[in-house]
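Tertiary structure, described
What follows is each chain in one-letter form.
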Amino acid sequence: MRGVDSHAHGGAEPGGPGEHRSARGRLRSRLRVRSVAGQVSLWLLVVVVLLVGAALTALVLQAHNYAASDAEHRTHSAAVTLSRYPGLAAVMDSTNRTAVLQPLAVDVQKSGGFDFVVIFGTDGIRYAITDHPELIGQHVYGSYQEALKGPVTMTESTPLGHDVVTVAPVTRPDGSVAGLVTVGFSVETTTGAVSRQLPVLLGGAVAAFAVGAGGAVLVRRRLRRQTHGLGPAEMTRMYEHHDAVLHAVREGVLIVGGDGQVVLANDEARRLLELAPEVEGRPVTELGLDPGLAELLASGRAATDEVYPAEERLLAVNNRPTAPFGGGAGSVATIRDTTELRALAGQAEAARARLKLLYDVGLRVGTTLDVERTAQELVDVVVPRFADFATVELAEAVLRGDEPLPGTGVAGGPRIRRVAAGGIRDDRPFSPVGSQITPLPGTPEAIALGSGRAALVADLRQAHASRDPQAADRILAYGVHSLVSAPLKARGLTLGTVTFWRAGQSAPFGEEDVSFAEELVARGAACVDNARRYTREHRMAEALQRSLLPRGLPEQNAMEVAYRYLPAQRGVGGDWFDVVPLPGFRVALVVGDVVGHGLHAAATMGRLRTAVLNFAALDLPPDELLARLDELVARLDQGEAGAEEGEIEGQGEGEGERAVTGATCLYAIYDPVSGHCTMARAGHPPPALVRTDGSVEYVDLPAGPPLGVGGLPFESTELRLAPGSALVLYTDGLVESRERDLENGLAALRACLADAHADRSPEEFCRAVFDALVPSRPSDDIALLVARTRLFEPDWVATWDVPDDFAAVSRIRNACSDQLTAWGLEELTFTAELILSELITNALRYGAQPVRVRMLRDTSLVCEVSDASSTAPHLRYAATMDEGGRGLFLVAQLAERWGTRYTARGKIIWSEQPLTTPEFQFEEMLL
């Protein structure tokens, strides 16, 4: 019989894990090469197949599960019901058990459709069995002890399939077990009915697959249009970016539809605008935003970095429409919190402005190397960019170019003077420029001077820091509320102070302004010190130059002379002029210009002026004098070049000045006896001649090369000047500048001289020319020399021709004596006769005809003896026993001056005597 000891059987399910993994790999490989739409379509097909397969599998499994469950339920119910059949326990205890129980078992089997029913005792002996009656009386197989406690249902595997068996105990009224009932049912019996339904299920699955495939195709087309054929990687990146915008980006994003309702708001937008959690779908005008911001978002107009308030924040909003970029009507706004950025930007802007101010101080301060102008430039730069008002006080020594004395500005020490002031208004309440300032102890200025550090007064009303009560009241009443006073220090020297003031609505100075004020003043102090040092050097060079120039004009009656000299504003030059009296009451006029500026040019000018005076003492003609001067300048240039090649002890590299490369000069000699003027020039502008009729012309004088060039001769020109003519000599600084070339300058000088009346004095000519042509700040030295000619009266000149006869000496001597008597100079007769006798005798003895004697009377008496010989006499000191050699010695002793000059036809020996005879003249000679 089949019972509790039946054998189970089973089998492996087809399709192992390896086969599934391989299929999944091939599927993923194909999915990777498709678009999202294609993948979705493929996945839908796969899902349909899987769903249909799963449905079929589920139905089959459900049928099997149902069959097993139904078998268990039926066997359990039948076994329990049979075990509780009334009187069954009594029958099992009777002796005729099988006769009663076998029919009952068969009846239960047939009525319930079971495969078998077995009734056996507690000892395992079968009392009844339906499928194998021959086994009645035999022992059952398997263990049934567990069933003695209660019904037990089990599944047994047999060669014919799976059987479900339920064993239930039959209990007596006292609870003891009289026997057991076994009911068995085969599962295959139930699954057979399910198998008959498979065609219907397969037909439904095919229909479902067809519907799913069609839906997948439709979904693929729609997705392809909506995803634009994008692949999964692109879609993944898009969704990652979407999530980043929503959650990770630290910039608010707010998308508003065309209807003015919020479509999307990321986390940062919600935080910045303090939006409610469910904000999508609400109109932006109902979100409680700033009206301007709400209007911008609702309108959809384009905006770039527009700032709107949101509670305590300042938001920068950029808004752009979405329509042009493939979206529908609406706009997307990006929002940034610029509150801290604005504060940092303000600080950065303030720092940038201060750096720009420092840059401008270095650029605009110190452009003129003038101390007072440099101080004013510092004031002009800092007002109003750093202070509303600013004042600069400097030591008076600094204004002169000297170093300030110790204790400058403190009580009892050297005073400081206000040299610059400026402000946003002209009615400043401070002491005017030029005032002497003595800061009282405890004032910011005194503290700055004493400590060398800037002093801050943030509130003047509390500090009452001022120079005196009246000044304090005036300053406070004006609205000035704070100041910073910083010392002007350079190279360890305190030059003065700079005070910055703020008034009105301006923020008061703070501690952060002190260091900046010190930096400003430090840069300005370097410029002021440069100007001071330049002023000192300029004063030294100017003093040297003026010391080398003539301090006055010599006394002479040949010309009425006036002059003007103006040094350059920056760096003295080498311009010079001279009026040199020559023998015979002639006068030499000299104007020159050394190339370059500075001390070197001034010193070179002194050398050249001395050389001209020495050459003029030799009574050289103009062209010869310039030739010798040219040689001198060339030697000076060579010497300077040699000095530059070799280092001079005590002079560092770059400290030497550039060697002189030349000079220009104009030299003219005027003879008041004849009215002749001989002149020559070396690269110098030509002289202007103002004739007595008022006409002006430039003398046609060969230019000649500048001095120092060498190699070319100089040419002289001689012209006769009418009495009262004005000869104008000048340097190029008068007619040439950056604003005016030489040609225009000469035309302007000609026009100025022509406008002046011809009878003007030389002084008036100088004044008119300077007023018309000289700029306020000349860049080059200017020298101007105006000489009006005079002509000696005929009775001031006496001339005699001397024949080649020694006897004529006495006649000439007598004629000269008579002329001296006529001039009222009788007291000079004796000395004049001695001088003339010696000179005429020497001319007759050693010279050549013609011999001529000339006497000139002016401020002194001049006696001249000329001959055609170029042999120069020499002064000798005769020995005691010598009979000759004392003539020129006597001339030298009796005359104030004597000498020799050469002419084109020979030489002239001249002597000059004062109009009054010195007392004891002859006694001194004998001694």
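**So, the layout of surface pockets**
Volume-wise, the largest pocket comes out at about 1,100 Å³. Taken together, 34 residues line the largest pocket, and the ones lying closest to its centre are Asp-671, Arg-901, Thr-903, Ala-904 and Ile-908. Where the lining of the largest pocket is concerned, the elements lending two or more residues are helix H18 (622-645), strand E20 (663-670), strand E21 (676-682), strand E24 (716-720), strand E28 (851-857), strand E29 (860-867), strand E30 (897-903) and strand E31 (906-914). Grouping the constituent residues of the lining of the largest pocket by class yields 14 nonpolar, eight polar and 12 charged.

**Focus: the environment of Phe-577**
Structurally, Phe-577 is set in strand E18 (residues 573-582). Look at Phe-577 and you get buried, because its relative accessible area is 1%.

**Some points on helix H11 (residues 371-382)**
A rise of 1.5 Å per residue sets the reference length of H11, with its 12 residues, at 16 Å; its end C-alpha atoms lie 17 Å apart and thus fit the reference within 8%. Among the 12 residues that make up H11, nine are buried, leaving the element largely enclosed by the rest of the structure. For H11, the full list of buried residues reads Val-371, Thr-374, Ala-375, Gln-376, Glu-377, Leu-378, Val-379, Val-381 and Val-382. In this structure Asp-370 caps H11, since a side-chain oxygen of it lies 3.4 Å from the backbone nitrogen of Glu-372.

**Let's talk about unusual backbone geometry**
A cis amide bond links Val-383 to the next residue, Pro-384, at an omega of 0°. Turning to its location among the elements, Pro-384 is positioned in the loop between H11 and strand E11 (389-395). Backbone torsion omega between Gln-849 and Pro-850 reads 0°, so that peptide bond is classified as cis. Mapped onto the elements of the fold, Pro-850 is located in the loop between helix H22 (829-846) and E28. Despite not being glycine, Phe-585 shows a phi value in the positive range, around 60°. Using a relative accessible area of 12% as the deciding quantity, one classes Phe-585 as buried.

**Quick look at the pairing of strand E8 (residues 303-310)**
Sheet analysis places E8 next to strand E9 (residues 313-321), joined by six bridges and oriented antiparallel. Considered in E9, the bridge of Ala-303 is made with Asn-319. Adjacent in sequence and paired antiparallel, E8 and E9 are bridged by two residues, among which Glu-311 carries a positive phi angle near 55°.

**Notes on helix H21 (residues 808-822)**
Taking 1.5 Å of rise per residue, 15 residues should cover 21 Å, and H21 covers 21 Å from first to last C-alpha, within 8% of that figure. Taken together, the buried positions of H21 are occupied by Ala-808, Val-809, Ile-812, Cys-816, Ser-817 and Leu-820. Elements that come into contact with the buried residues of H21 comprise strand E27 (797-802), H22, E28 and E29. Just downstream of H21 lies Gly-824, where phi reads positive at about 75°.

**Description of the sheet that holds E27**
The sheet built from five strands is open, its strands ordered E27-E28-E29-E31-E30 with antiparallel pairing. A single partner strand is all that each edge strand has here, and the edge strands are E27 and E30. This sheet shows a mean twist of 15° between the axes of neighbouring strands, independent of strand direction. Pairing analysis gives six bridges linking E28 to E29, with the strands arranged antiparallel. Paired with Val-853 across the two strands is Val-865, which belongs to E29. H21 rests against E27, E28 and E29 of the sheet, and its axis sits at about 170° to E27. Of the strands in this sheet, E27, E28, E29 and E31 are in contact with H22, which crosses E29 at around 15°.

**As for the confidence of the model for the protein**
Per-residue pLDDT for the protein averages 80, and the proportion of residues at 70 or more is 83%. A low-confidence stretch, residues 1-15 (pLDDT under 50), is modelled with 38 contacts involving residues beyond four sequence positions or located in other chains. Note that residues 29-33 has pLDDT below 50 and, in this model, four contacts with residues that lie over four places away or in other chains.

What counts and how
- Residues numbered from 1 in each chain as written.
- Predicted model: local features only at pLDDT ≥ 70, side-chain atom pairs only at ≥ 80, totals over all residues.
- Heavy atoms only, no water.
- 1 Å grid on protein atoms, 1.4 Å probe; cavity = no way out; pocket = protein on both sides within 12 Å on 5 of 7 lines; lining within 4 Å.
- Points joined across faces, edges and corners; volume = space filled by probe spheres on them.
- Helix = DSSP H or I, 4+ residues; strand = E, 2+ residues; numbered from the N terminus.
- Nonpolar A, V, L, I, M, F, W, Y, C, P; charged D, E, K, R; others polar.
- Buried < 20%, exposed > 50% of the residue type's maximum accessible area, 1.4 Å probe, protein only.
- Expected span 1.5 Å × (residues − 1).
- Polar contact = N/O pair within 3.5 Å; in protein donor to acceptor, adjacent residues only side chain to side chain.
- Pairing = 2+ DSSP bridges.
- Contact = heavy atoms within 4.5 Å.
- Axes fitted to C-alpha atoms, helices over the stretch in contact; angles between N-to-C directions.
- pLDDT = per-residue confidence, 0-100.

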